[in-house]
Amino acid sequence: MASRARDPKGQSAPPAAPRAAAGPPSTHGAPTPGDHRSRVEFHVNGQDHVLDLDNRVTLLDALRERLDLTGSKKGCDHGQCGACTVLVDGRRANSCLLLAVAQDGSEITTVEGLAGADGTLHPLQQAFIDHDAFQCGYCTPGQLCSAVGALREAAAGHPSHVTRAAIAADTSRPAVLTAEEVRERLSGNLCRCGAYNGIADAVVDVAETRRPEEPSTRDRDVIA
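The following refers to the structure shown. None of the values given here were measured: they were computed from a predicted structure.

1. What to know about unusual backbone geometry
Then, in step 1: Residue N45 is not a glycine yet carries a positive backbone phi of 50 degrees.
Then, in step 2: You can see N45 is positioned in the loop between strand 1 (37-44) and strand 2 (47-54).
Then, in step 3: Judged by its relative accessible area of 24%, N45 falls in the partly exposed class.
Then, in step 4: Of note in the backbone geometry, D77 takes a positive phi value of approximately 60 degrees without being a glycine.
Then, in step 5: Assignment of secondary structure puts D77 in the loop between helix 1 (59-66) and strand 3 (85-88).
Then, in step 6: Classification of D77 as partly exposed rests on a relative accessible area of 36%.

2. What to know about the nonpolar core
Then, in step 1: Counting residues in each nonpolar core, the largest one holds 27 residues, and the members touching the most others are L124, F128, V182, L186, I199 and V203.
Then, in step 2: Taken together, the elements giving at least two residues each to this core come down to helix 2 (123-130), helix 3 (140-155) and helix 6 (196-209).
Then, in step 3: No other element matches helix 3, which puts seven residues into this core.
Then, in step 4: The residues contacting I199, other than those within four sequence positions of it, are F128, A133, Q143, L186 and C191.
Then, in step 5: A62, L69, A100 and I108 belong to the second-largest nonpolar core, a separate cluster that totals 15 residues.

Each value, and the rule that gives it
- Throughout this description, residue numbers start from 1 for each chain and increase along the sequence as written.
- In keeping with the model being predicted, local features are shown solely for residues with a pLDDT of at least 70 and side-chain atom pairs are shown and tallied solely at 80 or more, while totals for entire chains, interfaces and linings include all residues.
- Only heavy atoms go into the side-chain values, all of them from the structure, while hydrogens and water stay out.
- Numbering of helices and strands runs from the N terminus, with a helix taken as a DSSP run of H or I at least four residues long and a strand as a DSSP run of E at least two residues long.
- Partly exposed describes any residue whose relative accessible area lies between the buried limit of under 20% and the exposed limit of over 50%, with all areas from a 1.4 Å probe on protein chains only and scaled to the type maximum.
- Only buried residues count toward a nonpolar core. Its members are Ala, Val, Leu, Ile, Met, Phe, Trp, Tyr and Cys residues joined through side-chain atoms within 4.5 Å.
- Whether two residues are in contact is decided by their heavy atoms: any pair within 4.5 Å suffices.

Right, dumping it as structure tokens:
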């Protein structure tokens with residue numbers, strides 16, 4: 001049994017008063033239920049969607065968990081592997097780094113939206129098959145969306161880090177996608193199976209055989 005504390009004169013000190021029971025936490029200034037949610041409108045793969053989302057939800061999670069578009073993959077969840085790449089208003093982006101609420105009103109294309117309405121494969125999808133540009137396939141959706149974006153950037157004349165200075169200075173002409181250019185432009189998309197040669201060959205094949213898309217004024221303002 002613990003002894004009672006004594007003061008310097010040797011007398012017993014009175015027992016400490018019991019601590020008052022903690023009351024409910026203060027709600028002053030706290031958000032009311034529902035304040036952290038927003039109504040978000042997307043135009044995804046040609047279809048309009050209206051979602052009620054937590055403001056913290058990423059675009060990737062909204063696509064996968066709410067719209068059942070599971071083609072975009074969650075790899076690193078830090079924007080370093082490229083498996084989650086989609087097209088937002090025509091530009092490639094890591095959907096794991098984008099808040100869904102910030103994309104309100106945007107036009108989004110995932111790998112599910114690349115093929116034609118009749119099921120005809122996108123030229124890049126067919127080229128990936130022809131050149132055996134995948135193995136396990138986990139990174140393939142991101143590789144395809146990134147390649148579509150890269151083709152559009154090249155068609156708009158945007159240079160890359162390896163583009164020769166003389167060519168880079170003239171952005172009025174489409175950039176020529178050599179194997180070196182493709183490897184640089186897709187360097188943000190990792191493939192753990194090592195199918196890089198097939199991927200580069202597939203993109204170069206499409207770039208050489210497909211008529212470049214006519215770049216818009218907006219595309220010319222985008223820095224690849």
